[in-house]
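Here's the letter readout for the chains.
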Amino acid sequence: MKYAVSVTDTRQMELIEAAGQSLLEHLNDYAEALAKITTFDYPRGVVFHDLQSATELYSTIPIPAYTSRDLIHIEPRVETWKEIFLTSATDSVAIDYYNNMDTKDVAAIIAHELTHHADFFHDDFEGDEENMWFEEGMCEYLSKKLLLSETKFQAIQNVEDKLIKNYKEIYGEYTLDRFGESGYRSGKSETFSAAFYDYWRSSKTVTRLVHEHFDGDIQALIACYVQWEQNEPVHKYFIRALSLTDDEAREMWLA
């Protein structure tokens, strides 16, 4: 995949490029795994940034990983992402995990962005906060499930479960059709935990859908989703299609 480098501090150019090239090696492996599940179009390329370039020059969102104009933008250095995630760590389990992040953890972030290009997703959800939770949750689930070891996948799920419990008293347990309500999308908070909160919850809900309602078969969940005709919100579609009880729907923040 073609790439470019954008930095505000030219002294960081070689470090950013080297870190980015390392991510691309893992991304190629991920693309092969993703291709066994779905077709997808590659973006035009990747732009590797330092933090300031990603969040102040090319965008004003606080998280230095996003897709814009068919380009993936990311700050590729492990140390930068350690600092970002550690601001949300609330206990020793999370602190230990994030302190020991490696290149594959960051590769999962760029893999998340690539997954947005999967062909099974319906129209671009930008401006459709009501339904975006499913696509974001799928991108989180697939990128980590396919790229990380099973041990590491279970470890990050355990971390995020704890973080959800720890932050729900601050951000509440509103339904996922209000995705982004706590963070920068709604203008309420620029903190990383507020931005991550609904990604953690969406990922957990997709995980539960896959393993509790589709016997661990991700392609069966995708097949169910593809049948959604978009004449109702996607969370209501799943409640109806899967005959979820009120308790099940509430536990997954769908009702």
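For the structure, check the block above.
Residues numbered from 1 in each chain as written. Predicted model: local features only at pLDDT ≥ 70, side-chain atom pairs only at ≥ 80, totals over all residues. Heavy atoms only, no water.

Draft legend 1. Layout of helix α4 (residues 92–99). For α4, the complete set of buried residues consists of A94, Y97 and Y98. Projection of α4 onto a plane perpendicular to its axis shows the buried side chains occupying an angular sector of 90 degrees, all on one side. Among the structural elements, α3 (78–86), α5 (103–115) and α7 (150–171) are those in contact with the buried residues of α4. The backbone nitrogen of V93 has a side-chain oxygen 3.0 Å away, supplied by the residue at the start of α4, namely D91. (Buried < 20%, exposed > 50% of the residue type's maximum accessible area, 1.4 Å probe, protein only. Helix = DSSP H or I, 4+ residues; strand = E, 2+ residues; numbered from the N terminus. Arc of directions from axis to C-beta. Contact = heavy atoms within 4.5 Å. Polar contact = N/O pair within 3.5 Å; in protein donor to acceptor, adjacent residues only side chain to side chain.)

Draft legend 2. Fine view of the environment of F153. Structurally, F153 is set in helix α7. Looking at F153, the relative accessible area reads 3%, which means it is buried. In the structure, F153 is positioned 130 residues away from L23 in sequence and 18 Å away in space, judged by C-alpha atoms. Residues in contact with F153, not counting those within four places in the same chain, are Y141, K144, K145 and L148.

Draft legend 3. Region of interest: the pattern of salt bridges. Within the structure shown, the criterion is met by 15 salt bridges. Here E232 makes a salt bridge to R240, at a shortest N to O gap of 2.4 Å. Across the salt bridge formed by R250 and D247, the nearest N and O atoms sit 2.5 Å from each other. With R250 and D247 both in helix α11 (residues 246–251), this residue pair falls 3 residues apart, about one helical turn. In the salt-bridge network here, residues are joined through shared partners; they are D102, D105 and K152. (Salt bridge = Lys/Arg side-chain N within 4 Å of Asp/Glu carboxyl O.)

Draft legend 4. Looking closely at unusual backbone geometry. Positioned with a positive phi, R69 is a non-glycine residue whose angle comes to about 50 degrees. Tracing the chain through its elements places R69 in the loop between β3 (65–68) and β4 (71–74). One non-glycine residue, S243, adopts positive backbone phi at about 50 degrees. Within the fold, S243 resides in the loop between α10 (234–241) and α11.

Draft legend 5. Structural detail: the pairing of β4. Alternating residues of β4 divide into L71 and H73 and I72 and I74, and every residue in both groups is buried. Direction of pairing for strand β2 (residues 45–49) relative to β4: parallel, over a ladder of 4 bridges. Bridge pairing in β4 links G45 to L71. Sheet analysis places β3 next to β4, joined by 4 bridges and oriented antiparallel. Bridge pairing in β4 links S68 to L71. The antiparallel hairpin formed by β3 and β4 contains 2 residues in its connecting segment, where R69 sits at a positive phi of about 50 degrees. (Pairing = 2+ DSSP bridges.)

Draft legend 6. Spatial organisation of the packing of aromatic side chains. Counting across every chain of the model gives 23 aromatic pairs. Centroid distance F192 to F196: 6.1 Å. Interplanar angle 15 degrees. Geometry classified as stacked. Within this pair, F192 and its partner F196 are both found in helix α8 (residues 192–213), separated by 4 residues, close to a single helical turn. Neither residue differs from the other here; F192 and F196 are each classed as buried. With a centroid separation of 6.1 Å and 45 degrees between ring planes, the pair formed by F196 and W200 is classed as tilted. Note that F196 and W200 are positioned in helix α8 at a spacing of 4 residues, about one turn of the helix. Taken as a pair, F196 and W200 share a single burial class, namely buried. By the ring-pair criterion, three or more aromatic residues cluster together here, those being W81, F85, Y97, Y98, Y167, Y171, Y174, F192, F196, Y197 and W200. When the ring centre of Y174 is taken as origin, the NZ or CZ atom of R201, which lies over that ring, is 4.5 Å away. Over the aromatic face of W253 sits the side chain of R201, whose NZ or CZ is 5.1 Å from the ring centroid. (Phe/Tyr/Trp six-rings, centres within 6.5 Å; stacked < 30°, edge-to-face > 60°. Lys NZ or Arg CZ within 6 Å of the ring centre and 35° of its normal.)

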